[in-house]
Each structure stands twice: as C-alpha cells, then as structure tokens.
Amino acid sequence: MSDARVEEPRPDPATSPNEAELAEAGLRLDVDGAIATITLNRPERRNALTFATWRGLAGIGESLPDGVRVVVLRGAGPSFSAGIDLGMFSGGGFPDGADAAASDRFIAGLQESSTWLRRPEIVSIAAVHGHAIGGGFQLALSCDIRVIADDTKFCMKEPALGIVPDLTGTKPLVEIVGVNRALELCLTARTVLADEAARLGLAEYVVPRADLDKTVDELVTALLAVNPGAAVATKRLLLEAPGNTLEEQCAAERREQIGRLRELFGSQNA
C-alpha cells in the first residue's frame, strides 16, 4: 500500500531537551502513547515566559515522537501564562537592534516555539485557565482548539509595553475575529473574559474551572477515535482552505482523497 502523505523528517532525538533542561525552562513534558502533555511549570511566576521557555517549546516540537497525535498545552498553578517575563528586559539577552538580520534570526527562533503546533500530524489543544496574557494568549491562539475555564482572562498586552505581538498570534487572531476587532483588542490591550471569548470565537469550549481537565480528556478521546490518516489529511485540507480558491480546494480534496483510497484499499493505480 502507498500513502500520499508526506511528513517532514524528524531531527535526531539526541537533540531533544532533557528533563533537567525543560525544568530549567519552566516546562514539563509527559508523553503517554499518542498523547503529549506540555505543562508551563513556573506557577510561582504565573508561568511567565522566558527565552528558555520558548526554546524549550521549540525543542519539544522538533523531537516529538512520531506516534504522538494530540498535544495538550496547559499551565500549572492559578494561570495559563502571564505572558513575557518582564525581568528579561532588565537582564539583557536581546540582539542589537541595529543588526536587523541578527534580530530577525533571533525572533524567528522564538517563533518556532509555536509554529509546530499547527502541523497536520498533530491536533493541538490549549487548556486555558486564569490569565493568558500577551505571549500566553498567542501560545493559546497557536493551538488548533482552545478549551477554556470560565475564569480565563485573555489580553494582548504587547502594544501597551511598547512592543508588538511577534509570537505568531496575529494571524490566527485576525482569522478568528477579523481585522477591526483584532485592532481594537490589541491597541486597547483590554481584558477579554471567557464569555466574550466564546462569542468572538476565541474558544471552542468554555467550562467551569472544575470541569476543565475532564472536558479536555473527553476531547482527546474523541480525537483519537478518528482514523489517524484521515485526521492528518483533513487537517491539511482545512489549513489550506483559507488561501485556496474553490478550484484549488477542489483539487486539494481530490489529492487527499486519492491518498486515502490508496491507503485504505491498496490500489497502486488510484
């Protein structure tokens, strides 16, 4: 049997961050068969994000085992993430702003912390409670599905700090709420509570805080019940759809269906 799916090669597992490195970055990774759970694990700092956190997330994405189908991203303690650790501003570590090429490479490396969450091979779920501010909000936006507790507070804080959202969150935000609403949310840096988040489409599920883990577990079970190859092909189709014309999307559907028929029925001539 053949398969039309083309997957990116995985880097050498030896390059993956070890448990001590993840702990230093404020992260915990638990892999149980097809499920990987990533916990932002600096509860004493409300899971504020650092350069080490973003590099650790990128490393997890690079070395994720092939069998993982669902990635759950959650926060330890009272919040999902309070956003960027402002202590980094006083500690240096930024490239010289005069060197545009170096700055571009630096930020591109940080963006790799979330771009992998959109890969067709996985479905990513953000399990959000408490504050999801700035970079934390963008991290949640990078996931395919957001399950949020009723105490969630979203806020795109960066413009209020004199910077811009640069961790890949602007594209999904505009795709979900539109340019005008995204502009209002970002330039006022106001807080969006759970009920409004649901109305705006920023959350697929809003549940009582006590039910968050149960709801995520039930969603994971439902996702894993679907044929793996069909799940990958369907996500690939849906990711392509916004940028395709109808004719292009029809062609993409044909391409993916031919691949599924080859896989299911073993026809070498399909």
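Residues numbered from 1 in each chain as written. Predicted model: local features only at pLDDT ≥ 70, side-chain atom pairs only at ≥ 80, totals over all residues. Heavy atoms only, no water.

S.K.: Quick question: what am I supposed to make of the pattern of salt bridges here?
M.R.: For the structure shown, the criterion picks out 15 salt bridges. In this structure, R199 engages D195 in a salt bridge whose closest nitrogen and oxygen atoms are separated by 4.0 Å. Remark: D195 and R199 occur in helix α8 (residues 194-200); sequence separation between them is 4 residues, near one turn of the helix. Through salt bridges with shared partners, a single ionic network connects R181, E184, R190 and E196. (Salt bridge = Lys/Arg side-chain N within 4 Å of Asp/Glu carboxyl O. Helix = DSSP H or I, 4+ residues; strand = E, 2+ residues; numbered from the N terminus.)

S.K.: Where do I start with the packing of aromatic side chains in this structure?
M.R.: To describe a pair of aromatic rings, you give the distance between the ring centres and the angle between the ring planes. Tallied over the full model, the rule gives 3 aromatic pairs. Geometrically, the ring pair formed by F51 and W54 is tilted, given 6.1 Å between the ring centres and 50° between the ring planes. Remark: W54 and F51 occur in helix α2 (residues 51-63); sequence separation between them is 3 residues, near one turn of the helix. Measuring from ring centre to ring centre gives 4.6 Å for F137 and F154, while their planes differ by 20°; the resulting arrangement is stacked. Note that F137 is positioned in helix α5 (residues 135-141) and F154 in strand β7 (residues 153-155), a separation of 17 residues in sequence. Taking the relative accessible area as the measure of exposure, F154 reaches 0% and is therefore buried. One aromatic cluster is present, built from ring pairs that chain together F51, W54 and F106. (Phe/Tyr/Trp six-rings, centres within 6.5 Å; stacked < 30°, edge-to-face > 60°. Buried < 20%, exposed > 50% of the residue type's maximum accessible area, 1.4 Å probe, protein only.)

S.K.: It is not clear to me how the packing of helix α10 (residues 228-240) against helix α11 (residues 246-265) should be interpreted in this structure. Could you clarify?
M.R.: For any two helices packed against each other, one specifies the crossing angle of their axes together with the interaxial distance. At a minimum axis distance of 10 Å, the contact between α10 and α11 shows a crossing angle of 170°. The pairing of α10 with α11 is recorded here as roughly antiparallel in orientation. Of the residues in α11, those in contact with G229, A230, A233, R236, L237 and E240 of α10 are Q249, A252, E253, R255, E256 and R260. (Axes fitted to C-alpha atoms, helices over the stretch in contact; angles between N-to-C directions. Parallel < 35°, antiparallel > 145°, perpendicular 65-115°, else oblique. Contact = heavy atoms within 4.5 Å.)

S.K.: In this structure, what is going on with the sheet that holds strand β8 (residues 192-193)? I would like to understand it.
M.R.: Working definition: the strands of a sheet are paired by backbone hydrogen bonds and lie parallel or antiparallel to each other. Judged by pairing direction, the sheet is mixed, and its 3 strands sit side by side in the order β5-β7-β8 without closing on themselves. Both outer strands of the open sheet, β5 (131-133) and β8, are each paired with one neighbouring strand and no more. The sheet contact formed by β5 and β7 spans 3 bridges and is parallel. Of the residues in β7, the one forming a bridge with H131 is K153. (Pairing = 2+ DSSP bridges.)

S.K.: Even after reading the chapter, I still don't get helix α7 (residues 179-188), so can you show me in this structure?
M.R.: Helical geometry: 3.6 residues make up each α-helical turn, so side chains three or four residues apart lie on a common side. Listed as buried for α7 are A182, L185 and C186. Buried residues of α7, seen end-on, are gathered within an arc of 90° and therefore sit on one face of the element. When the buried face of α7 is taken as reference, the exposed residues oriented beyond 90 degrees from it are N180, L183 and L187. Turning to α7, the residues buried within the fold contact α6 (170-177), β8 and α8. In the segment just after α7, A189 is the residue with positive phi, at about 50°. (Arc of directions from axis to C-beta.)

S.K.: What exactly am I supposed to notice about the side chain of S79 here?
M.R.: Inspection of the secondary structure puts S79 in the loop between β3 (70-75) and α3 (87-91). Assessed through its relative accessible area of 0%, S79 is described here as buried. If we skip the residues at most four places from it in the chain, S79 touches R46, N47, H129, G130 and H131.

Everything listed is a geometric property; what it means functionally is a separate question.
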